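Survey of secondary and tertiary structure
The primary structure of each chain is shown beneath.
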Amino acid sequence: MLSLPLLKQSIKSNAVMWGSMTGVMTLLCIQFSSLDMTRSLLFTIFYGMMTTILPGIYVLVTANKLLASQVDRGSMAYVLSTPIKRSTVTFTQAFYLVNSLVLMFAIQTGAHLIVNNISPISFATLGLNMLKGDLTSKMIIQVNLSALMVCIALAAVCFMFSGVFSSSKYAVGLSGAFTGVSILANMLAMFGSLGVEGLDKFKYLTICTFYDYQSVLFSDSDWMVKMIFPIAIAVIAFGIGEIVFSKKDLPL
Amino acid sequence: MNDIIKVSNLTHDYGHGRGVFDVSFTVKKGETLGFLGPNGAGKSTTMRHLMGFSSPQSGNVSINGLDCRKSTGRIMEKVGYLPGEVALPDGLNGREFIKMMQGMHKTKNDERTAYLLKKFRLDTDVPVRKMSIGEKRKLAVVTAFMSDPDILLLDEPTSGLDPLMQEVFIDFIKEEKQRGKTILLSSHIFSEVEALCDRIAIIKDGRLVSTVDAQEVRHGLHNIMTVEFKDKDDLLQFCNSGLELSGRDDKHLRCSVKVYDEDINAFISAVKCLKIKGFSEHSVTLEEYFMHFYKKDRATGGVCYA
């Protein structure tokens, strides 16, 4: 099911993009969680936007490189001239995509846990006066888990377009439109929740709605229920990508 | 089962007259079939079906009795493929690419790989994206042959190689032939097809127009005899002798006839009693034979004077 040599190649050829996105995300996280000036914005800006924008850019570029661009350029011919099945190719590439995101969030979460243990942040600093005490490690892990699931769903949709289309321009175009609209609508919806009237309706336009850090902070179980949707979207989208890629005619 | 590669009634219409239509041929064990045709004739399309990249709209394509689309993985264990395009995966250098391909083929034959690298004089420490087209092609050649497959599908293998390397490559394929490999070689270069192939299939506009035995081609497919006479009566008598005319020039009292090897005696008896001023023989090469099919269509009905 999994081809190690192909996985290695995927890791290698996407290392720069993955490394820089992980680096930027981790550094921003450390900055927002440790500097007094930015601490109060940790959730509105960092967890509100950065945890979808940065992985969003990463999956948009990477999903295309994993399938569509290789078909478009013709290098997929070399991979498929070996005894490796197309289904193994899609499985390996999807495996890479999901796990690179998991690792990206793991590193960022780890950094945040360390910072938060050294100097814990209180709910009052975050502007949540109705809550008492400090942000806990458990909450940090739960918030990131919630964000990760939505990013995996984004990745799956980009991967689906990458598997369906044999031309980068369509794969990137549609993935870009989808990711862009999702992230933008999420930002607009956030302004809505901050009090701008009417903008809160944008939450119905984006799968980022299923990422709910508020629910984690208020210790209810909404966020866990909402995780079902991105998981379902991911399973369906990866499935479609895999089936179409395995069945279609490749212009190689 | 002697037929290793079998294409029967393969049809795939891409519209605008592009594609392949009702193409059938077989390649027997140990045989080398040349697949000759101009650009866009359908050579690569046929290869694409053999590689299982595309499904036929109708017809069947099989290798070793296995359907090329359904059993691609199993077929590829025995197949070495040299793509027509040299787009290699990025982010690797030569050695890493070789290692990746070895891993995916699940074979590791270092001795043979070293032999191939030496033969094609390839430096594997260069990143793939910095390689010239020729170097990339050589790298593709090495990876296609390093697992020592029994069946070789080569799509325009020498394009991008310098003349010296083309020679090395042709020698190498001759070696592989000696070792009993079954080879399908697509090309538009006559010399390499003539030098390597046992049989030659000519494809044009997606249709197979002719399959010839390479032995015949090397011998000349047929000869064109041009005879110049001293007087017109002899010319007329010669023209009516029942030989196949391919040209006549009354002003210079010249006449050309198409003569196959088995007709040579008939030709000699036809000219024996005539007064001849001059005489020339011209063997039709594969190139002319090919051009004959190729041009026939361009000028309506204008068969070229070959």
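Residues numbered from 1 in each chain as written. Chains lettered and ligands numbered in written order. Predicted model: local features only at pLDDT ≥ 70, side-chain atom pairs only at ≥ 80, totals over all residues.

Description of the overall build of chain B
Secondary structure assignment for chain B yields 11 helices and 14 strands. In chain B, of all internal contacts separated by at least 6 residues, the share reaching a separation of at least 24 is 68%. (Helix = DSSP H or I, 4+ residues; strand = E, 2+ residues; numbered from the N terminus. Contact = placed C-beta atoms within 7 Å.)

A short note on the overall build of chain A
Along chain A, the regular secondary structure elements total 12 helices and zero strands. Ordered by position from the N terminus, the helices and strands of chain A form the series α-α-α-α-α-α-α-α-α-α-α-α. In terms of C-alpha radius of gyration, chain A reaches 19 Å, essentially the compact-globule figure of 18 Å for 252 residues. By its C-alpha atoms, chain A is 60 × 40 × 30 Å across when sized along the principal axes. Looking at chain A as a whole, 45% of its 252 residues are labelled buried. Here the analysis covers contacts within chain A between residues at least 6 apart in sequence; of these, 77% occur between residues at least 24 apart. (Rg over C-alpha atoms; globule rule 2.2 N^0.38 Å. Buried ≥ 20, exposed ≤ 12 C-beta atoms within 10 Å, placed from the backbone.)

Regarding helix 8 (residues 137-164) of chain A
An ideal rise of 1.5 Å per residue puts 40 Å on 28 residues; helix 8 of chain A measures up with 40 Å between its terminal C-alpha atoms. Among the 28 residues in helix 8 of chain A, 22 count as buried, and that is most of the element. (Expected span 1.5 Å × (residues − 1).)

A closer look at the sheet that holds strand 10 (residues 207-213) of chain B
All names here are of chain B. Strand order across the open sheet formed by six strands is 6-7-8-3-9-10, with mixed pairing between neighbours. Of all the strands in the sheet, just strand 6 (79-82) and strand 10 have a single pairing partner and so form its edges. Averaged over all neighbouring strand pairs, the angle between strand axes comes to 15°, with direction disregarded. Across four bridges, the pairing between strand 6 and strand 7 (residues 151-155) is parallel. Within strand 7, the position partnered with glycine 80 by the bridge is leucine 152. Those strands touched by helix 1 (residues 43-50) are strand 3 (32-36), strand 7, strand 8 (182-187) and strand 9 (199-204), and its axis lies near 145° from that of strand 7. (Pairing = 2+ DSSP bridges. Axes fitted to C-alpha atoms, helices over the stretch in contact; angles between N-to-C directions.)

Focus on the domain arrangement of chain B
Here the domain parsing of chain B yields domain 1 (3-218) and domain 2 (222-283). The C-alpha centroid of domain 2 of chain B is placed 44 Å from the C-alpha centroid of domain 1 of chain B. (Domains from an automatic or database assignment.)

A short note on the packing of helix 7 (residues 86-118) of chain A against helix 12 (residues 228-247) of chain A
Residue and element names in this part refer to chain A. Between helix 7 and helix 12, whose axes approach to 9 Å, the crossing angle comes to 150°. In terms of their interaxial angle, helix 7 and helix 12 are classed as roughly antiparallel. Helix 7 and helix 12 meet at a crossing whose hand is right-handed. Where helix 7 abuts helix 12, its residues Arg86, Ser87, Thr90 and Ala94 lie against Phe238, Gly241, Glu242, Phe245 and Ser246. Residue composition of the contact of helix 7 with helix 12, grouped by class: three nonpolar, four polar and two charged. (Parallel < 35°, antiparallel > 145°, perpendicular 65-115°, else oblique. Left-handed = near helix turned anticlockwise from the far one by under 90°. Nonpolar A, V, L, I, M, F, W, Y, C, P; charged D, E, K, R; others polar.)

Let's talk about the environment of serine 69 of chain A
All names here are of chain A. Positionally, serine 69 belongs in helix 5 (residues 68-73). Taking the number of C-beta atoms within 10 Å as the measure of exposure, serine 69 has 20 and is therefore buried. Contacts of serine 69, omitting those with residues within four sequence positions, involve Asn64 and Ser168.

Side note on the interface of chain B and chain A
Every contact between the two is made by 24 residues of chain B and, on the other side, 24 residues of chain A. Considering every element that reaches the side of chain B that touches chain A, the biggest residue donor is helix 3 (residues 94-105) of chain B, with five residues.

What about the nonpolar core?
Core analysis: the largest hydrophobic core is formed by 129 residues, its most contacted members being Val150, Ala153, Ala155, Ala156 and Phe159 of chain A together with Leu153 of chain B. Excluding residues that lie within four positions of it along the chain, alanine 155 of chain A makes contacts with Val59, Ala63, Leu97, Val98 and Leu101 of chain A. Formed by nine residues, the second largest nonpolar core is a distinct cluster that contains Met225, Leu235, Phe238 and Val259 of chain B. (Core = buried A, V, L, I, M, F, W, Y, C linked by C-beta atoms within 7 Å.)

Considering unusual backbone geometry
All names here are of chain B. Located in the positive-phi region is asparagine 64, a residue other than glycine, with phi close to 55°. In this structure, asparagine 64 sits in the loop between strand 4 (58-63) and strand 5 (66-67). Backbone geometry at leucine 253 places phi at a positive 55°, although glycine is not the residue there. Turning to its location among the elements, leucine 253 is positioned in the loop between strand 12 (244-249) and strand 13 (254-259). With 19 C-beta atoms counted inside 10 Å, the residue leucine 253 sits in the partly exposed group.

Things to note about the pairing of strand 7 of chain B
All names here are of chain B. Taken across its five residues, strand 7 has five buried, putting it largely inside the fold. Burial along strand 7 is two-sided: Ile151, Leu153 and Asp155 facing one way and Leu152 and Leu154 facing the other are all buried. On the question of chirality, the crossover connecting strand 7 to the parallel strand 8 by way of helix 6 (residues 163-178) is right-handed. (Right-handed = clockwise from strand over helix to strand, strands pointing away.)

Some thoughts on the pairing of strand 14 (residues 276-283) of chain B
The side chains of a regular strand alternate between both faces of the sheet. Residue and element names in this part refer to chain B. When you tally the buried positions in strand 14, you get zero out of eight residues, a small fraction of the element. Summarising the sheet, strand 11 (residues 223-229) and strand 14 pair through seven bridges and their orientation is antiparallel. Along strand 14, the bridge assignment pairs glutamate 228 with glycine 278.

Points about helix 2 (residues 15-34) of chain A
Given 3.6 residues per turn, any residue in an α-helix points the same way as the ones three and four places further on. All names here are of chain A. Across its 20 residues, helix 2 extends 28 Å between first and last C-alpha, which sits within 8% of the 28 Å expected from 1.5 Å per residue. Three or more residues of helix 2 are buried, namely Met21, Thr22, Met25, Cys29, Phe32 and Ser33. One side of helix 2 carries all its buried residues, which in axial view fall inside an arc of 105°. Facing away from the buried side of helix 2 by over 90 degrees, the exposed positions are Ala15, Val16, Gly19 and Leu27. The secondary structure elements touched by the buried residues of helix 2 are helix 3 (36-39), helix 4 (42-66) and helix 7. (Arc of directions from axis to C-beta.)

A closer look at the environment of serine 13 of chain A
Inspection of the secondary structure assignment puts serine 13 of chain A in helix 1 (residues 4-13). The class of serine 13 of chain A is partly exposed, set by 18 C-beta atoms lying within 10 Å. Residues serine 13 of chain A and lysine 65 of chain A, 52 residues apart in the sequence, show an inter-C-alpha distance of 8.9 Å. In this view, serine 13 of chain A contacts Lys65 of chain A together with Pro89, Asp90 and Gly91 of chain B; residues no more than four positions away in its chain are not counted.

Details of the sheet that holds strand 4 of chain B
All names here are of chain B. The antiparallel open sheet is built from four strands, whose spatial order is 2-1-4-5. Two strands lie at the open edges of the sheet, namely strand 2 (18-28) and strand 5, each paired on one side alone. Inspection of the sheet shows strand 1 (residues 3-15) paired to strand 2 by eight bridges, in the antiparallel sense. Opposite valine 7, over in strand 2, you have phenylalanine 25 as the bridge partner. Across the face of the sheet, helix 1 comes into contact with strand 1, strand 2 and strand 4 while running at roughly 120° to strand 1.

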